[in-house]
Amino acid sequence: MISKKHQRILLDMSNEGNKGSPSVITFGFSILTHFLLVAPIIYILVVAFENYSFFSWHPICMSVGVGLLITEAVFSISGEAYISWKLPRRNRVTIHWVLHTLGLTVIGIGLIIIVVNKVNHDRPHFATTHSQLGLVTIILSVLTATFGILANNTVWVYPRVRPVLIKVAHACGGIGITILLLATLINGTYSNWWAISGTSTGRDLTFASLFFAGVLILVKPILGAVSRCRVIFGPPSSDT
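Residues numbered from 1 in each chain as written. Predicted model: local features only at pLDDT ≥ 70, side-chain atom pairs only at ≥ 80, totals over all residues. Heavy atoms only, no water.

Caption draft 1: Seen up close, the side chain of His58. Structurally, His58 is set in helix α3 (residues 57–78). Aside from chain neighbours lying at most four places away, what touches His58 is Gly110, Leu111, Ile113, Ile114 and His130. (Helix = DSSP H or I, 4+ residues; strand = E, 2+ residues; numbered from the N terminus. Contact = heavy atoms within 4.5 Å.)

Caption draft 2: Structural view of the nonpolar core. Ranked by internal contacts, the top residues of the largest apolar core, which has 29 residues, are Val66, Ile107, Leu181, Leu185, Trp193 and Ile217. Excluding anything up to four places from it in sequence, Ile217 contacts Thr33, Leu37, Thr71, Val74 and Phe75. (Core = buried A, V, L, I, M, F, W, Y, C linked by side-chain atoms within 4.5 Å. Buried < 20%, exposed > 50% of the residue type's maximum accessible area, 1.4 Å probe, protein only.)

Caption draft 3: Region of interest: the environment of Val47. Topologically, Val47 is positioned in helix α2 (residues 24–50). The class of Val47 is buried, set by a relative accessible area of 2%. Sequence separation between Val47 and Trp193 is 146 residues, and the spatial gap between their C-alpha atoms is 9.5 Å. When residues no more than four places from it in sequence are discounted, the contact partners of Val47 are Trp193, Trp194, Ser197 and Gly198.

Caption draft 4: Representation of the packing of aromatic side chains in the model. Following the criterion strictly, the structure yields 9 aromatic pairs and no others. Plain terms: the ring middles of Phe49 and Trp57 are 6.2 Å apart, the flat faces sit at 85° to each other, and that makes the pair edge-to-face. The interplanar angle of 85° and the centroid separation of 6.3 Å between the aromatic rings of Tyr52 and Trp57 together place this pair among those described as edge-to-face. What makes Tyr52 partly exposed here is its relative accessible area of 48%. Residue Trp57 is classed as partly exposed on the basis of its relative accessible area, which comes to 33%. Joined through ring pairs, the aromatic side chains of Tyr43, Phe55, Trp193 and Trp194 make up one cluster. (Phe/Tyr/Trp six-rings, centres within 6.5 Å; stacked < 30°, edge-to-face > 60°.)

Caption draft 5: Spotlight on unusual backbone geometry. Each neighbour pair has its own omega, and for Tyr158 with Pro159 the value is 10°, a cis peptide bond. Checked against the element boundaries, Pro159 lands in the loop between α5 (129–151) and α6 (163–188). The phi angle at Asp122 is positive, at roughly 55°, despite the residue not being glycine. Relative to the assigned elements, Asp122 resides in the loop between α4 (89–120) and α5. Positive phi, normally seen in glycine, also occurs at Phe126, with a value near 50°. Inspection of the secondary structure puts Phe126 in the loop between α4 and α5. By relative accessible area, Phe126 is classed as partly exposed at 31%.

This is a description of form; function is not addressed.
This is the structure we're talking about:
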């Protein structure tokens with residue numbers, strides 16, 4: 001049997017999508033977050049096309065995959081992407097995994113492009129901090145996404161494993177992966193490629209914009225994960 005405190009957690013998670021019309025403040029929060037995401041991605045695309053080559057598709061794919069698709073997937077499930085605020089949580093979950101699938105696909109294409117580019121120029125693979133961080137992050141992203149399938153189908157392992165544990169573990173993993181993806185994207189602006197067409201001011205603005213966008217996107221998921229972890233691992237409930 002699932003205890004009442006765990007039932008309350010699951011109920012809260014299922015009711016997160018049942019929201020009323022967004023307030024002006026919340027709507028403004030959503031607009032600001034999307035602006036902080038879109039602006040640096042557009043700038044990265046401009047830099048990529050100014051010195052266009054086959055390699056340019058690597059930063060293009062990575063910036064779109066991470067900065068637009070993955071982040072929007074996180075934003076949609078957190079309940080703050082109010083473009084679809086009328087949708088129930090079940091539909092938000094669908095949007096979440098569809099956007100993540102698209103994002104990881106685009107990121108995978110970006111990975112293939114850089115590998116092919118290294119082969120064409122006879123350069124060593126994964127020899128820089130950026131490439132190593134990127135490879136580890138992509139692998140962890142795929143593992144977290146795969147674990148998300150289980151989080152969306154907890155009936156497969158119930159009652160051996162409590163559903164709330166799987167969902168909270170997936171949420172915590174997703175938070176960590178989002179941080180790593182944004183960190184990898186920012187780290188890419190410190191490469192030699194950026195020095196060709198990008199500027200130091202543009203890089204600083206890109207860093208700041210993606211950093212604060214990440215904070216705004218993750219603040220609610222982090223608070224939610226902390227709250228649920230305190231309930232799960234806190235003192236036993238007196239409910240019977």
